[in-house]
Amino acid sequence: MRRHRMIKIVATLGPASSDYDTIRALFEAGADVFRLNMSHGTHNDIAARHAIIRKIEADLGRPIAILADLQGPKLRVGVFANESEELVEGAAFRLDLTDKPGDATRVTLPHPEIFEALEPGADLLVNDGKIRLKVNDCGEDFANCTVTVGGTISNRKGVNVPDVVLPVAALSDKDRKDLEFVCRLGVDWLALSFVQRAADVAEARNLAQGRAAILSKIEKPAAVAAFDEILAVSDGIMVARGDLGVELPVQNVPPIQKRLVRRARAAGKPVIVATQMLESMIDSPMPTRAEVSDVATAIYEGADAIMLSAESAAGDYPIEAVVTMDNVAREVESDPTYIEIIDASRKVKHSSIADGIVAAARELAEKTDIAAICCFTESGTTALLVARERPHVPILALTPITKTARRLQLVWGVHCEEVAEVERFKKAVINAVRVTRKYGFGTEKDQILVTAGIPFNQPGTTNILRVAPCAEHLIVSGEPE
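Here, residues in each chain are numbered from 1, in the same order as that chain's written sequence. Confidence filtering applies because this is a predicted model: local features only for residues at pLDDT of at least 70, side-chain atom pairs given and counted only at 80 or more, and all residues used for totals across whole chains, interfaces and linings. Hydrogens and water are ignored here; the side-chain numbers use all heavy atoms of the structure.

Participant: I'd like to hear about the side chain of glutamate 333, residue by residue, with values.
Facilitator: Labels follow the DSSP assignment, with helices taken as runs of H or I lasting at least four residues and strands as runs of E lasting at least two, numbered in each case from the N terminus. Take glutamate 333: it is sitting in helix 12 (residues 318–333). Using a 1.4 Å probe on the protein chains alone, a residue whose accessible area is under 20% of its type maximum counts as buried, one over 50% counts as exposed, and one in between counts as partly exposed. Neither His nor the chain ends is counted toward charge; the positive residues are Lys and Arg and the negative residues Asp and Glu. A side-chain nitrogen of Lys or Arg and a carboxyl oxygen of Asp or Glu constitute a salt bridge if their distance falls within 4 Å. The side chain of glutamate 333 is buried and forms no salt bridge, while arginine 5, the nearest opposite charge, is found at 6.8 Å. The contact criterion used throughout is that any non-hydrogen atoms of two residues lie within 4.5 Å. Leaving out residues up to four positions away in the same chain, glutamate 333 has contacts with Arg5, Met6, Ile7, Ile299 and Tyr338.

This is the structure in structure tokens:
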């Protein structure tokens, strides 16, 4: 089983996709990574879905990546005596720490850390920005506001504070428990919510202790401002456009998406574009033209992955949504303009031997008749470097480490295969051509490029590039040991 596209598809699991048959159908339709949303479902639910994914992986003999998305701290107002109130534009409204039900003039905001950071003139967004409040004056336990956008406010609606960096940790107590639980289960990626600064990533990395790679969700203006620092300490990035579109003017989101995708690409770190990509397919078998264009835009930008949320987790057409993404990806990537855009947006600084090796591999693949670039990798670094180059041919990542094969499923253009450890380069080349032919990437008449590090089984030593025929008898007679 192989994909006929470079970009990867992330599918969120939920009530609509929690049984073996549906999850397997999602994988066969094109899902490369399954997202477990820790905001929904019990630990038993998460464990059951994880077990099903691993069974499908064993049944089909293909590595599958699992991404656990941590909820992050949730900032919410308290409750109202009448359960809801109507706020009118221009009216005064107070937020405070008083422990009593709210009314049309005030409500509890049980987060003293917000009051610590607020300043007059700051905006507060309630219920995904449907209600907007402007802070007039504030103290350690209150904020007197003016309603700038009115509407219905009800119990425990979420609050966003876009104008300030909040003194709130990215991991809540629930997140710490969830992190340990999913790391023990054996997930491959951890998505960290509410990241505001590079330091927010440190605690998650310390708790994970290498058991899962850390992917930072960029969903706050502070994270956009500190993106380069956050990128430097993260293993991957998610452009979480939902909260970005709440905390920033919606017209700001597309250019931010383009900038973040390009910076992540240049750094050789996988980047996911997420939220509302095929939203109408929650209850419709067909997407809108605008949604198809949105998916295509992320593909043209060279993102590593595109993600389905409620479409596959709770929608009526989860499999159709994956099929739609797969079809759009294959069509876009067959467009000559796609290659032109990808090549024109390649901005890579080559400063090491490994950088030079993978750059040479990409140039050879583009200028000669090469079927695939095959890389032997322990940690996954070589495959990430090759993918950063965005070559025109498939990337085959061969590794003896299951964890590496799974993590690389998120990476653009990479087909992962678990192989036995090798000691001799000739054996490595033979393995590469066998995998190439097994999945139809090439025939005996083709040639491949093989990258590896000598000596083998030492991470970070990419130092060799070889053109090899796919005909084994030519390797046996002509390749050095």
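Participant: Got a sec to walk through the sheet that holds strand 7 (residues 123–126)? Specific residues and values, please.
Facilitator: The pairing criterion is simple: DSSP has to find at least two bridges between the two strands. One open sheet holds the six strands; their spatial order is 6-5-9-8-7-11, and the pairing between them is mixed. Among the strands making up the open sheet, the edge pair consists of strand 6 (106–108) and strand 11 (159–160). The pairing of strand 5 (residues 92–96) with strand 9 (residues 142–149) spans five bridges and is classified as antiparallel. The residue of strand 9 that forms the bridge with phenylalanine 93 is cysteine 145.

Participant: Lay out empty space enclosed by the protein with the relevant residues and their values.
Facilitator: Left-over empty space is what a probe sized like a water molecule reveals as it rolls over the atoms. Think of a 1 Å grid over just the protein atoms. A cavity is a set of points where a 1.4 Å probe fits yet cannot get out, a pocket is an open set with protein on both sides within 12 Å along at least five of seven lines, and lining residues have an atom within 4 Å of a point. Grid points are joined across faces, edges and corners, and a volume is the space filled by probe spheres set on the points. Applying the stated rule across the entire model yields two cavities of 30 Å³ or more. What the second largest cavity holds in volume is close to 50 Å³. What lines the second largest cavity is Ala264, Arg265, Gly268, Lys269, Pro270, Asp304, Leu384, Ala387, Arg388, Arg390 and Val411. Residue assignment for the lining of the second largest cavity shows that the elements contributing at least two residues are helix 9 (253–267) and helix 15 (381–388). All amino acids are sorted into three groups, where Ala, Val, Leu, Ile, Met, Phe, Trp, Tyr, Cys and Pro are nonpolar, Asp, Glu, Lys and Arg are charged, and the leftover types, Gly among them, are polar. Residues of the lining of the second largest cavity, tallied by class, amount to five nonpolar, one polar and five charged.

Participant: Before we move on, can you summarise the layout of surface pockets with the specific residues and values?
Facilitator: By volume, the largest pocket is sized at about 1,400 Å³. Put simply, the parts of the chain that give the lining of the largest pocket at least two residues each are strand 1 (8–13), strand 2 (33–37), helix 2 (43–60), strand 11, strand 14 (236–240), helix 8 (241–247) and helix 11 (310–313). In terms of residues, the lining of the largest pocket owes the most to one element, helix 8, which gives four residues. Class assignment of the residues belonging to the lining of the largest pocket gives a composition of 17 nonpolar, 16 polar and 14 charged. Estimates place the volume of the second largest pocket at around 490 Å³. If you trace the second largest pocket, you find 27 residues lining it, with Arg3, His4, Arg5, Met6 and Pro394 closest to the centre. Counting residues per element, the ones that place at least two in the lining of the second largest pocket are helix 12, helix 13 (336–344) and strand 19 (414–418). For the lining of the second largest pocket, the leading source of residues is helix 13, giving three residues.

Participant: Describe the environment of arginine 263, naming the residues involved and giving the relevant values.
Facilitator: Mapping arginine 263 onto the fold places it in helix 9. Looking at arginine 263, the relative accessible area reads 35%, which means it is partly exposed. With 77 residues separating them in the primary sequence, arginine 263 and glycine 186 have C-alpha atoms 29 Å apart. When residues no more than four places from it in sequence are discounted, the contact partners of arginine 263 are Phe227, Asp228 and Leu231.

Participant: Account for the pattern of salt bridges, with residues named and values stated.
Facilitator: Going through the model one piece at a time under the given rule, you end up with 36 salt bridges. A salt bridge links arginine 197 to aspartate 200; the shortest N-O distance between them is 2.9 Å. Given the relative accessible area of 8%, aspartate 200 is considered buried. We note a salt bridge from aspartate 228 to arginine 263, for which the minimum N-O separation is 3.5 Å. Pair noted here: aspartate 228 is in helix 7 (residues 227–233) and arginine 263 is in helix 9, with a separation of 35 residues, a long-range link.

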